[in-house]
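The chain contents come next:
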Amino acid sequence: MKIIETVPEMKIVRFKLKEPVGFVPTMGYLHKGHLSLVRKAKAENKSVVVSIYVNPTQFGPKEDLSKYPRDLQRDLAMLEKEGTEIVFFPSDKEMYPEGYDTWVTADKLTKPLEGDSRPTHFRGVTTIAAKLFNIVQPTNAYFGQKDAQQALVIKKMATDLNMDLEVIVCPTVREPDGLAMSSRNVYLNPEQRKSAPVLYKSLLLAKRLYAEGKKDTEKIRGEMAALIQKEPLANIEYISIANPATLEELQTIKKSALVSMAVKYGNTRLIDNMMLGE
Ligand code: PAF
């Protein structure tokens, strides 16, 4: 496994890799969710590149950039075990040299949900994703469904900007009690951690209500909120039932819906989602 820290070297090495090239962009502190993306990339490509880069531009001024968990040695050991060919581990100076001035922004898809709470977040995500795609030039790039809006926004960016790659979205990996795997779960104290599976429970409740024929989103959202509010440590930021392609809120579910949510435990913000219908 080769660890590459500069853009020019990454560009040179990339063209020596066997095609197709699978790419898994990460911010490190890897968990089983990331490894499921690496495994899928490994299964579908001849070479795999994983990037580890905590992208400062996707964090808001009051967010957890400096505290974001990091453990490079552990990450590298995990990636080596999975048979990763290349780890791209650039510095901030390498990605945003002095005078850096160009941004990639998606518009409508980035306004609701996460974009509403984190107004500068997606500009950072699309900018770094576009830069990484240009540097690595992957055939296929892998993202988790856990960040459903991010996956949708990156897919749209790749289509709209005629990027020559396939964006592949893989299922959320969960802890045995249903909590979606996330690097941020380490911020939860034991009481919060015990309570946090209520996000998934509320998604299962939505799934059950929908299966029973309930289509009115206000009612479904109400029942989900009531369940979450039974947990005194949980503070709901939003619960959304939206069109899975446009993210516009639905009043009634016709064919399908993306149910998504953000819930805060203290300063820790957890997100989760589930597709209903097709
Ligand atoms: O999902 C993440 O870890 C990040 O948002 C990504 C896609 C690696 C961009 O920094």
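Because the structure is a prediction, the values reported are computed rather than measured.

Asker: When you look at the site of the ligand in this model, what are you seeing that I'm missing?
Answerer: As a matter of local geometry, the ligand sits amid Pro25, Thr26, Met27, Asn55, Gln58, Ile128, Phe143 and Gln150. Within the side chain of Gln58, an N or O atom sits 2.6 Å from an oxygen atom of the ligand. Here an oxygen atom of the ligand sits 2.7 Å away from a polar atom, N or O, in the side chain of Gln150. The fraction of the free accessible surface of the ligand (290 Å²) that becomes covered by protein chains is 88%. Per-class residue counts for the shell around the ligand are four nonpolar, four polar and no charged.

Asker: Hey, could you run me through unusual backbone geometry in this one?
Answerer: Where the residue is not glycine, phi is negative for most of them; where a peptide bond is considered, it is trans in most cases. Residues Glu19 and Pro20 are joined by a peptide bond in cis, for which omega reads -10°. With a phi angle near 50°, Leu113 is a residue other than glycine that sits in the positive phi range. With respect to the helices and strands, the residue Leu113 is situated in the loop between helix 4 (92-95) and helix 5 (114-117). What makes Leu113 buried here is its relative accessible area of 10%.

Asker: Is there a simple way to think about the nonpolar core in this case?
Answerer: Side chains that are nonpolar tend, in soluble globular proteins, to be buried together. Judged by nonpolar contacts, the single largest core of 39 residues is most densely connected at Met10, Val49, Phe88, Met95 and Phe133. Secondary-structure elements contributing two or more residues to this core are helix 1 (7-14), strand 2 (21-26), strand 4 (86-88), helix 6 (121-136), strand 5 (140-144), helix 7 (148-160) and strand 8 (256-265). By residue number, the principal contributor to this core is helix 6, which donates nine residues. Once residues within four sequence positions are removed from consideration, Met10 is found in contact with Ile4, Val49, Ile86, Phe88, Ile135 and Val136.

Asker: I'm lost on helix 3 (residues 72-81) in this one. Help?
Answerer: Residues separated by three or four positions in an α-helix point in the same direction, a consequence of the helix having 3.6 residues per turn. Buried residues of helix 3: Asp75, Leu76, Met78 and Leu79, and no others. Projected down its long axis, helix 3 shows its buried positions confined to an angular sector of 165°, all on one face. In helix 3, the exposed positions that point more than 90 degrees away from the buried face belong to Gln73 and Lys81. Buried residues in helix 3 make contact with strand 1 (2-4), helix 2 (32-44), strand 3 (47-52) and strand 4. The first or second residue beyond helix 3 is Gly83, which carries a positive phi of 80°.

Asker: Hey, could you run me through the sheet that holds strand 9 (residues 268-277) in this one?
Answerer: By definition, the strands of a sheet pair up through backbone hydrogen bonds, in either a parallel or an antiparallel sense. Taken together, three strands build an open sheet; the order of strands is 7-8-9 and the sheet is antiparallel. Edge positions in the sheet fall to strand 7 (235-242) and strand 9, since each of these pairs with one other strand and no more. The mean inter-strand angle of the sheet, taken between neighbouring strand axes irrespective of direction, is 10°. By the bridge criterion, seven bridges tie strand 7 to strand 8 in an arrangement that is antiparallel. When the bridges of strand 8 are listed, Ile239 appears paired with Met261. Against the sheet, helix 9 (residues 198-211) engages strand 8 and strand 9, with an angle of about 20° to strand 9.

Asker: Is there a simple way to think about the environment of Ile12 in this case?
Answerer: Its location among the elements puts Ile12 in helix 1. On the basis of relative accessibility, which here comes to 52%, the residue Ile12 falls in the exposed class. Separated by 144 residues in sequence, Ile12 and Lys156 place their C-alpha atoms 28 Å apart.

What counts, and where the lines are drawn
Residues numbered from 1 in each chain as written. Predicted model: local features only at pLDDT ≥ 70, side-chain atom pairs only at ≥ 80, totals over all residues. Heavy atoms only, no water. Near = heavy atom within 4 Å. Polar contact = N/O pair within 3.5 Å; in protein donor to acceptor, adjacent residues only side chain to side chain. Areas by Shrake-Rupley, 256 points an atom, 1.4 Å probe, with all protein chains shown as cover. Nonpolar A, V, L, I, M, F, W, Y, C, P; charged D, E, K, R; others polar. Helix = DSSP H or I, 4+ residues; strand = E, 2+ residues; numbered from the N terminus. Buried < 20%, exposed > 50% of the residue type's maximum accessible area, 1.4 Å probe, protein only. Core = buried A, V, L, I, M, F, W, Y, C linked by side-chain atoms within 4.5 Å. Contact = heavy atoms within 4.5 Å. Arc of directions from axis to C-beta. Pairing = 2+ DSSP bridges. Axes fitted to C-alpha atoms, helices over the stretch in contact; angles between N-to-C directions.

On their own, these measurements won't tell you what the molecule is for.
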